[in-house]
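Chain by chain, the residues:
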Amino acid sequence: MDAADMGKDLSKVLIPEEELQAKIKELASRIDEDYAGKDLLIVGVLKGAVMVMADLARALHVPVQMDWMAVSSYGAGTKSSGVVRVLKDLDTDIAGRHVLVVEDIIDSGLTLSWLVHNLKSRNPASVEICAALRKPDAVKVPIDVKYIGFDIPNEFVIGYGLDYAERYRNLPFIGTLAPHVYGAG
Ligand code: XMP
Ligand code: MG
């Protein structure tokens, strides 16, 4: 599926595939430097982080193990409430391990701040965050994100793992939806 096929549902391409891939490589080389000689576990947050995890993991030169968590935010509406339910926990015991949480997007930051708190209670050697995207609201929650791809405007985005009603995750770029898709026109 390319931009032309998706043209009618997309309002615009916000970050093209080439820019995404270049940024992931840039983040990977910083991570390579920071974790040289260390034992690193990268943790992807399902489902949104699958694309970032796949690309980041392949761009890294440091040896890593990969694990996954699935979480869901409770609460009415489309905004996350900060109350998080674990749908799938790690398979790995992270005590004493260096953990890097990989996320697609930080919006309010509530989900990640809960997750980091939860992971820290398991006594890892360290916990850091890598997120492909960050929205302006994220500044409201004090959360220390070591590796960030792009700061984006406060718009609903799709592609590169991000969905609207489970669609569009497989787009290789980040786009915004045309209003008619979510019923505004
Ligand atoms: P918080 O607000 O806790 O939530 O940082 C982050 C989670 O909300 C989802 N999210 C989005 N998903 N397009 C999406 O497809 C968006 O623009 C968007 N903003 C937030 C996402 O699951 C993320 O992990
Ligand atoms: Mg997510």
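All of these numbers come straight from a predicted model, not from anything done at the bench.

Engineer: In this structure, what is going on with the environment of A131? I would like to understand it.
Structural biologist: As for its placement among the helices and strands, A131 is situated in strand 6 (residues 126-134). Along the primary structure A131 and I105 are separated by 26 residues, whereas in three dimensions their C-alpha atoms are 5.8 Å apart.

Engineer: Whenever I open this one, the packing of helix 2 (residues 17-34) against helix 3 (residues 50-59) confuses me. Can you help?
Structural biologist: A packed helix pair is summarised by two numbers, namely the angle formed by the two axes and the spacing between the axes. Viewed as axis vectors pointing N to C, helix 2 and helix 3 meet at an angle of 55°, and their least axial separation amounts to 9 Å. Classified by the angle between their axes, helix 2 and helix 3 sit oblique to one another. Considering how the two elements wind past one another, helix 2 and helix 3 form a crossing that is right-handed. Together, Q21, I24, K25, L27, A28, I31 and D32 of helix 2 and V52, D55, L56 and A59 of helix 3 make up the contact between the two elements. When its residues are assigned to classes, the contact of helix 2 with helix 3 shows seven nonpolar, one polar and three charged.

Engineer: What is the right way to look at the packing of aromatic side chains in this model?
Structural biologist: Geometry of an aromatic ring pair is reported as the spacing of the ring centres plus the angle between the planes. The final tally for this structure, using the stated rule, is one aromatic pair. Ring plane angle 80° and centroid distance 6.1 Å describe the contact between F156 and Y164, whose orientation is recorded as edge-to-face. Looking at F156, the relative accessible area reads 44%, which means it is partly exposed. The ring of F150 is capped by K23, whose NZ or CZ atom sits 5.2 Å from the centre of that ring.

Engineer: What exactly am I supposed to notice about the sheet that holds strand 9 (residues 174-177) here?
Structural biologist: Each strand in a sheet pairs with its neighbour through backbone hydrogen bonds, running either in the same direction (parallel) or in the opposite one (antiparallel). Taken in spatial order, the three strands of this open sheet run 1-9-8, and their pairing is antiparallel. Across the chains shown, the open sheet's two edge strands, defined by having one partner strand only, are strand 1 (10-15) and strand 8 (157-158). In this sheet, strand 9 lies alongside strand 8 in antiparallel orientation, the contact comprising two bridges. Considered in strand 9, the bridge of V157 is made with T176.

Engineer: What is the right way to look at the sheet that holds strand 7 (residues 147-151) in this model?
Structural biologist: In space, the six strands of this open sheet follow the order 4-3-2-5-6-7, with mixed pairing throughout. The two strands at the open ends of the sheet, each matched to only one other strand, are strand 4 (84-88) and strand 7. Each neighbouring strand pair of the sheet contributes to a mean axis angle of 30°, computed without reference to strand direction. Relative to strand 4, strand 3 (residues 64-73) runs antiparallel, the two being bridged by four bridges. When the sheet's bridge partners are listed, A70 is paired in strand 4 with K88. The sheet contacts of helix 2 involve strand 2 (40-46), strand 5 (98-106), strand 6 and strand 7, and relative to strand 7 the element is tilted by about 160°.

The rules behind each value
- Residues numbered from 1 in each chain as written.
- Chains lettered and ligands numbered in written order.
- Predicted model: local features only at pLDDT ≥ 70, side-chain atom pairs only at ≥ 80, totals over all residues.
- Heavy atoms only, no water.
- Helix = DSSP H or I, 4+ residues; strand = E, 2+ residues; numbered from the N terminus.
- Axes fitted to C-alpha atoms, helices over the stretch in contact; angles between N-to-C directions.
- Parallel < 35°, antiparallel > 145°, perpendicular 65-115°, else oblique.
- Left-handed = near helix turned anticlockwise from the far one by under 90°.
- Contact = heavy atoms within 4.5 Å.
- Nonpolar A, V, L, I, M, F, W, Y, C, P; charged D, E, K, R; others polar.
- Phe/Tyr/Trp six-rings, centres within 6.5 Å; stacked < 30°, edge-to-face > 60°.
- Buried < 20%, exposed > 50% of the residue type's maximum accessible area, 1.4 Å probe, protein only.
- Lys NZ or Arg CZ within 6 Å of the ring centre and 35° of its normal.
- Pairing = 2+ DSSP bridges.

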